[in-house]
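Residue-level listing of the chains:
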Amino acid sequence: MTESGQSQLSRVDPDARAVVLHRNIVNVGYNVQAGCDSKHKLFVNAQTGAVNDTHALADMAIEAKELLGVKEMKTLTDKGYTTGAELARCTENDITTYSSPKAHSSQKNGLYDMQDFTYNEKEDTYTCPAGSTLHTNGTVYQKGKHRVKHYKTKACKGCAVRHLCTKNKNGRFIERGIHQKALEENAKRVNENPDYYRKRQQVTEHQFGTLKRQWGFTHTLVKGKENVLAEVHLTFSVYNLLRCMQILGTEKLRMLLKELASIFFDQIGLFESRISHSFFLIRPKSILKKVPSVRL
Ligand code: SF4
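Each chain carries its own residue numbering, running from 1 in the direction its sequence is written. Two thresholds apply to this predicted model, a pLDDT of at least 70 for residue-level local features and 80 or more for giving and counting side-chain atom pairs, whereas whole-chain, interface and lining totals are computed over all residues. Side-chain figures throughout are based on the complete set of non-hydrogen atoms in the structure, without hydrogens or water.

*Asks:* So, the pairing of strand β2 (residues 25-29): which residues are in play, and what are the values?
*Replies:* With 5 bridges connecting them, strand β1 (residues 17-22) and β2 associate as antiparallel partners. Residue Ala18 lies in a different strand from β2, and its bridge partner there is Val28. Hairpin connection between β1 and β2: a loop of 2 residues separates the two successive antiparallel strands, and Asn24 in this loop has a positive phi of roughly 65°. DSSP-based pairing: two strands are paired if at least 2 bridges between them are found. We count a stretch as a helix when DSSP gives it H or I for four or more residues in a row; a strand needs E for two or more, and each element gets its number in order from the N terminus.

Next comes the structure, spelled out in structure tokens:
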């Protein structure tokens, strides 16, 4: 581990990592990410990414948007995905996030907390409870995985309510993440649309309930990140096929799958001799849109 620079070593499956299931419960395995559409609750995409959800949102959302072939998209995610940089990347890619806001990490020491300071976007300053303006020198500091700016005022020195604000001998300073705006806009959307956010559970929980509790898909048969992802894709595709049987009816699904298979074989250059058959006379895009999340 010292030589490799890794913090974990898995001798059974080198790609597997410790994944926190609940507090104090850890499994060695994979954290499977999945995107589902809100209309039919079909799986759209999946990844076996990092061990937590913190940096998973943007990659998954951008991939889902491309797979669905849509220009704009809304996402619904729980607070594990609420990271400023991820929300900002979604916004840049015409994806509107509704991700459960995290409670502000304000100081809980009885002193003025962040909510008592008003941010002025135009000036890039804060106004404190005493009415003074906190300025930044514009420097962006790296704080762990976050990038932040600092805001201070010289008024702290002679402030009458300093004892209510800070114990720091240099006065109060505010730390603002460079993606704070994306976090605030996301929080506003969620708070203004509580019923919309509540749809999240209807969109994604049911599939995992079925896969884990009914089908027992809590362990994989194969090892290695790529192989596990393939097994996940196969399992999700089977789930999608069963869902499509309910949505489209068996006969219509059978027809669409025939057409989809023909596109697939056509694209990989097999069965070229069959191209003249009427069975293949279909437009690829229209079929793919009808069954967007079947991945072959
Ligand atoms: S201590 Fe500084 S930041 Fe706090 S209220 Fe007084 S002037 Fe404002």
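*Asks:* Provide a residue-level description of the pattern of salt bridges, including the pertinent values.
*Replies:* Basic side-chain nitrogens of Lys or Arg form a salt bridge, by our definition, when they fall within 4 Å of a carboxyl oxygen of Asp or Glu. Following the criterion strictly, the structure yields 10 salt bridges and no others. Glu175 is the partner of Lys143 in a salt bridge, and the nearest nitrogen-oxygen pair spans 2.8 Å. Placement of Lys143 in strand β10 (residues 141-143) and of Glu175 in strand β12 (residues 173-177) is noted, with a sequence separation of 32 residues between them. Exposure is judged per residue with a 1.4 Å probe applied to protein chains only, and the accessible area is read against the type maximum: over 50% gives exposed, under 20% gives buried, and values in between give partly exposed. When its relative accessible area of 46% is taken as the criterion, Lys143 is described as partly exposed.

*Asks:* Tell me what's going on with the packing of helix α5 (residues 225-248) against helix α6 (residues 250-267), and back it up with residues and numbers.
*Replies:* Fitting a line to C-alpha atoms yields each axis, with helices limited to the stretch in contact; the angle taken between N-to-C directions then spans 0 to 180 degrees. It is at 7 Å that the axes of α5 and α6 come closest, and there the two elements cross at 125°. Relative to α6, the element α5 is oriented oblique. Contact residues: Leu241, Cys244, Met245 and Leu248 in α5; Thr250, Lys252, Leu253, Leu256 and Leu257 in α6. Polar here means any residue other than Ala, Val, Leu, Ile, Met, Phe, Trp, Tyr, Cys and Pro, which are nonpolar, and Asp, Glu, Lys and Arg, which are charged; Gly is therefore polar. Counted by class, the contact of α5 with α6 contains 7 nonpolar, 1 polar and 1 charged residues. Geometric relationships in this document are graded by angle, where less than 35 degrees denotes roughly parallel, more than 145 denotes roughly antiparallel, 65 to 115 denotes roughly perpendicular, and other angles denote oblique. The contact definition used throughout considers only heavy atoms, calling two residues in contact when any of these lie within 4.5 Å.

*Asks:* Before we move on, could you go through the site of the ligand and cite the residues and values that matter?
*Replies:* Inspection of the region around the ligand gives Cys128, Ala130, Ser132, Ala155, Cys156, Cys159, Val161, Arg162, Cys165 and Arg172 as its neighbouring residues. When each cavity is represented as a set of grid points, the ligand is found to reside in the largest cavity. A class-by-class count of the residues in the shell around the ligand yields 7 nonpolar, 1 polar and 2 charged. One heavy atom within 4 Å of a molecule or strand makes the whole residue count as near it. Lining residues are those with an atom within 4 Å of a point, where the points come from a 1 Å grid over the protein atoms alone and group into cavities, where a 1.4 Å probe fits but cannot get out, or pockets, open sets with protein on both sides within 12 Å along at least five of seven lines. The rule for placing a molecule in a cavity or pocket is simple: more than half of its atoms must lie within 2 Å of the grid points.

*Asks:* Describe in detail the packing of aromatic side chains, supporting the description with residues and values.
*Replies:* Any two rings among Phe, Tyr and Trp, with Trp reduced to its six-membered ring, count as a pair given centres within 6.5 Å; such a pair is stacked if its planes are under 30 degrees apart, edge-to-face if over 60, and tilted if neither. Tallying each qualifying case throughout the model produces 10 aromatic pairs. Centre to centre, the rings of Phe43 and Phe208 are 6.0 Å apart; their planes meet at 85°, and the pair counts as edge-to-face. Of this pair, Phe43 sits in strand β4 (residues 43-48) while Phe208 sits in helix α4 (residues 194-214), and the two are 165 residues apart along the sequence. Judged by its relative accessible area of 2%, Phe43 falls in the buried class. Ring geometry for Tyr119 and Tyr151: centres 6.4 Å apart, planes at 85°, overall edge-to-face. Note that Tyr119 is positioned in strand β7 (residues 118-120) and Tyr151 in strand β11 (residues 146-152), a separation of 32 residues in sequence. The exposure class of Tyr119 is partly exposed, given its relative accessible area of 23%.

*Asks:* Tell me about the packing of helix α2 (residues 84-92) against helix α3 (residues 180-192), and please be specific about residues and values.
*Replies:* Here α2 crosses α3 at 75°, and the two axes come no closer than 8 Å. Here α2 lies roughly perpendicular to α3, going by the angle between them. Here Gly84, Leu87 and Ala88 of α2 lie close against α3, whose contacting residues are Ala182, Leu183 and Asn186. Across the contact of α2 with α3, the residue classes tally to 4 nonpolar, 2 polar and no charged.

*Asks:* How would you explain empty space enclosed by the protein if you had to name every residue and give the values?
*Replies:* Grid points are joined across faces, edges and corners, and a volume is the space filled by probe spheres set on the points. Counting across every chain of the model gives 2 cavities of 30 Å³ or more. Taken as a whole, the largest cavity encloses approximately 110 Å³ of empty space. Taken together, 16 residues form the lining of the largest cavity, with Cys128, Ala130, Cys156, Cys159 and Cys165 sitting closest to its centre. Its residues assigned to classes, the lining of the largest cavity comprises 11 nonpolar, 3 polar and 2 charged.

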